[in-house]
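Structural features, examined
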Amino acid sequence: MNAVRSSVLRQARRGGAPSGAILLLLALVAIIAPFASPYSFHATDFDARLVAPALGSQHYFGTDDLGRDLFVRTMMGVRITLLVALVASLVSLVIGVVYGTVAGFLGGRVDALMMRVVDALYALPFIFFVILLMVTFERSLLLMFVAIGAINWLDMARIVRGQTLALKEREYVEAARLIGVPTRRIILRHITPNLLGVVVVYLTLAVPQAILIESFLSFLGLGVQEPRTSLGALVNGGVAHMEQAPWVLLIPAGMLALILLAFNFLGDGLRDALDPRAARR
Amino acid sequence: MHRTGAISFALMRLLSAMPTLFSVIVVAFLMVHAAPGGPFDDERRLPPEIEHNIAASYHLDEPLPAQFWRYFSGLLSGDLGPSYRYPDYRVAELIGDALPLSMRLGAVAMLLALVLGVSGGTAAALHRDRLTDRLLTGVAMSGISVPVFVIAPLLALLFAVHLGWLPASWTGGSGLSRYVLPVIALALPQIAYVLRLTRASMLEVLGSDFIRTARAQGLCRASIVRHHALKPAMLPLVSYLGPAIAGILTGSVVIEQIFGIPGLGQLFVRGALNRDYTLVLGIVIVFATLVILLNLLVDLLYGWLDPRIRRQ
């Protein structure tokens with residue numbers, strides 16, 4: 001574990017740490033900044049429609065087609081996007097870890113069957129089922145959390161299962177079993193804590209996935225609903241006005257790209273640190 | 001012996017796809033019918049008799065199993081029921097009109113992704129850790145991170161609005177020029193994935209013994225790559241074809257929306273926003289069937305290329 005920790009630090013000095021810092025900073029700004037602005041995210045001002053961004057004005061990022069302040073809206077979008085992504089990833093984490101641990105620990109036929117199910121699910125275009133859900137039910141944040149989490153757990157389940165298979169052959173697990181520790185306790189006390197490193201890495205890689213799905217839905221108008229907004233919804237609004245007012249598109253689009261890149265670099269860096277074989281490729 | 005093995009392998013795979021397909025249909029059907037509120041709930045309340053008549057004419061008053069049986073037997077004969085929002089059309093007609101255009105776009109994008117991704121990945125592997133490699137992998141990373149619906153409007157802004165080289169929308173242009181931007185936007189993320197995959201597997205193959213032997217025999221690098229390394233390096237790519245197909249299908253929903261292309265993706269989004277349940281249900285089933293069947297083809301292709309798989 002010590003070797004792991006030092007390699008994490010080594011890797012962190014490369015791409016991971018700046019990405020993590022950017023994300024933290026952005027999250028902080030997104031939480032605090034809207035309070036500092038004189039504008040609210042939903043108040044319209046028809047005398048100040050599509051105002052261009054300028055340093056001197058109070059509208060740092062300009063305004064949209066309804067005269068709403070784009071800075072505050074973008075920050076609200078960052079908040080919602082990060083919130084949905086984090087909660088949805090936690091949902092997928094719970095499902096994936098439970099499924100993967102059970103399959104890996106039980107092994108044999110049960111394991112084979114459970115993994116066949118995962119394989120079959122991999123082949124399905126899940127996003128369309130999420131859209132079906134969003135069409136037929138009341139669109140709410142809660143539904144988004146569950147729906148995105150429910151389609152995003154397959155990778156996690158595979159990784160956790162592989163790790164569990166390796167862990168349960170270890171001597172200390174065998175020793176625990178010999179002295180009669182119940183299975184449930186072995187899983188909770190000996191297997192799960194050792195999964196932590198891998199799980200954290202794949203969580204950082206699951207978050208950008210969740211962001212993609214959320215912004216995809218919101219872009220299509222099926223995700224976060226007005227007056228609340230997310231980066232995907234803002235990009236969608238920007239496309240309609242990109243000819244007269246390119247900033248309405250460019251600012252949220254750039255913010256979304258920045259967040260996704262940062263998460264991917266962070267996840268890649270962490271994965272390389274924990275799995276030196278992947279780094280060498 | 002060998003041939004019967006291949007055929008039984010194909011048949012088994014086909015059979016194993018059937019339950020998946022059936023459960024997709026059942027789940028999608030149930031999801032639509034479990035929805036709170038009917039498809040005809042409007043702000044304006046209709047008299048109960050009329051509501052009852054509408055429900056009866058769409059067989060919504062029958063018990064659920066009967067409705068499913070009606071729908072499923074319709075499916076088998078290629079009928080996906082009536083559209084709720086376009087009363088004069090059958091869902092199958094609407095899909096039939098939109099599908100060919102989407103298929104054409106998707107196929108061209110796929111081809112582009114394979115050609116550019118493989119050549120880019122090979123180039124990156126051959127120039128490992130040098131500028132070309134850094135540049136290509138950097139571009140690929142952004143291609144993976146930045147979603148299609150961000151890239152596509154940016155492309156339109158640059159090439160259509162500012163430079164004026166290409167039409168920004170389907171109706172704004174004619175001929176082949178209107179295919180260019182949508183196809184590129186659709187292909188970009190897949191180019192990025194294929195590039196990364198090819199680079200990784202090419203590096204692995206280039207480090208293996210038979211390549212060293214070939215080099216020791218004094219073969220030039222170009223001929224080593226072309227005749228020895230390329231084929232084994234392609235193998236992992238074949239298994240990526242399935243996810244690539246799904247990715248292009250998903251991307252087409254957004255791309256058609258942005259460029260105003262009258263394909264299946266646009267029909268899907270319009271149906272979703274209008275709560276045209278039968279249309280959305282039909283398109284989900286068509287999408288799922290496409291993905292499952294194409295995955296099946298990829299599986300067969302893989303088994304044909306790599307006989308080790310068949311024996312398992």
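Keep in mind that what you see is a predicted model, and the values were worked out from it rather than measured. (Residues numbered from 1 in each chain as written. Chains lettered and ligands numbered in written order. Predicted model: local features only at pLDDT ≥ 70, side-chain atom pairs only at ≥ 80, totals over all residues.)

With respect to the overall build of chain A
Secondary structure assignment for chain A yields 11 helices and 0 strands. Along chain A, helices and strands appear, N-terminal first, in the series α-α-α-α-α-α-α-α-α-α-α. For chain A, the C-alpha atoms occupy an extent of roughly 75 × 45 × 35 Å along the three principal directions. Residues classed as buried in chain A amount to 44% of the 281 residues present. Sequence separation of at least 24 residues holds for 69% of the intrachain contacts in chain A that already meet a minimum separation of 6. (Helix = DSSP H or I, 4+ residues; strand = E, 2+ residues; numbered from the N terminus. Buried ≥ 20, exposed ≤ 12 C-beta atoms within 10 Å, placed from the backbone. Contact = placed C-beta atoms within 7 Å.)

Looking at the overall build of chain B
From N to C terminus, chain B includes 12 helices and 0 strands. With respect to the principal axes defined by its C-alpha atoms, chain B has extents near 85 × 60 × 30 Å. The buried share of chain B, taken over its 312 residues, is 36%. Residue pairs in contact within chain B that sit at least 24 positions apart in sequence constitute 71% of those at least 6 positions apart.

Brief notes about helix α6 (residues 154–167) of chain A
Along an α-helix, residues three or four positions apart point the same way, because every turn accommodates 3.6 residues. Residues and elements named next belong to chain A. Helix length check: α6 (14 residues) gives 20 Å between terminal C-alpha atoms against 20 Å at 1.5 Å per residue, within 8%. All buried positions along α6 are accounted for by Leu154, Met156, Ala157, Arg158, Val160, Arg161 and Thr164. At its buried positions, α6 is contacted by α2 (70–106), α3 (108–122) and α8 (183–219). (Expected span 1.5 Å × (residues − 1).)

Points about the packing of helix α9 (residues 221–259) of chain B against helix α10 (residues 264–273) of chain B
All names here are of chain B. The contact between α9 and α10 brings their axes to 7 Å, and the two run at 85°. On the basis of the axis angle, α9 is roughly perpendicular to α10. Residue-level contacts link Ser252, Val253, Ile255, Glu256 and Gln257 of α9 to Gly265, Gln266, Phe268 and Val269 of α10. Of the residues assigned to the contact of α9 with α10, the class counts are 4 nonpolar, 4 polar and 1 charged. (Axes fitted to C-alpha atoms, helices over the stretch in contact; angles between N-to-C directions. Parallel < 35°, antiparallel > 145°, perpendicular 65-115°, else oblique. Nonpolar A, V, L, I, M, F, W, Y, C, P; charged D, E, K, R; others polar.)

Some words on the packing of α2 of chain A against α3 of chain A
At a minimum axis separation of 7 Å, α2 of chain A and α3 of chain A run at an interaxial angle of 145°. Residue-level inspection shows Tyr99, Ala103, Gly104 and Leu106 of chain A of α2 of chain A in contact with α3 of chain A, the latter providing Gly108, Val110, Asp111, Met114 and Met115 of chain A.

Examining unusual backbone geometry
Phi angles above zero are rare outside glycine, and Asp129 of chain B is one such case at about 65°. You can see Asp129 of chain B is positioned in the loop between α4 (91–126) and α5 (131–145).

A word on α8 of chain A
All names here are of chain A. Taking 1.5 Å per residue as the helical rise, α8 with its 37 residues ought to reach 54 Å, whereas the 46 Å between its terminal C-alpha atoms falls clearly short. The largest bend along α8 reaches roughly 45° and is located at Leu196. Gly221, located one to two residues past α8, shows a positive phi value of around 85°. (Bend = angle between axes of the 7 residues up to and from the residue.)

Details of the nonpolar core
Formed by 150 residues in total, the largest nonpolar core has its most connected members in Val130 and Val235 of chain A together with Ala152, Ala185, Val280 and Val284 of chain B. For this core, the element with the most residues is helix α7 (residues 177–206) of chain B, which contributes 17 residues. With near-sequence residues (within four places) excluded, Val280 of chain B lies in contact with Leu132 and Val135 of chain A together with Phe268, Gly271 and Ala272 of chain B. (Core = buried A, V, L, I, M, F, W, Y, C linked by C-beta atoms within 7 Å.)

Points about the confidence of the model for chain B
Residue and element names in this part refer to chain B. Averaged over chain B, the pLDDT score is 82; the fraction of residues at 70 or greater is 93%. Confidence, read as mean pLDDT per element, is least for helix α12 (residues 307–311) in chain B (60) and greatest for α4 (90). Two summary scores accompany this predicted model of the complex, namely pTM at 0.81 and ipTM at 0.77. (pLDDT = per-residue confidence, 0-100.)

Details of the environment of Ile7 of chain B
Residue and element names in this part refer to chain B. As for its placement among the helices and strands, Ile7 is situated in helix α1 (residues 2–33). Judged by the 10 C-beta atoms lying within 10 Å of it, Ile7 falls in the exposed class. In this structure the C-alpha to C-alpha distance between Ile7 and Leu300, which are 293 residues apart in sequence, comes to 9.8 Å.

Observations regarding the environment of Ile148 of chain A
Residues and elements named next belong to chain A. For Ile148, the location among the structural elements is in helix α5 (residues 141–151). In this structure, the C-alpha to C-alpha distance between Ile148 and Leu212, residues 64 residues apart in sequence, is 10.0 Å. Ile148 has contacts with Ala88, Val130, Ala210, Ile213 and Glu214, leaving out every residue within four places of it along the chain.

Considerations on the environment of His190 of chain A
As for its position among the elements, His190 of chain A is in helix α8. The class for His190 of chain A is partly exposed, based on 18 C-beta atoms found within 10 Å.

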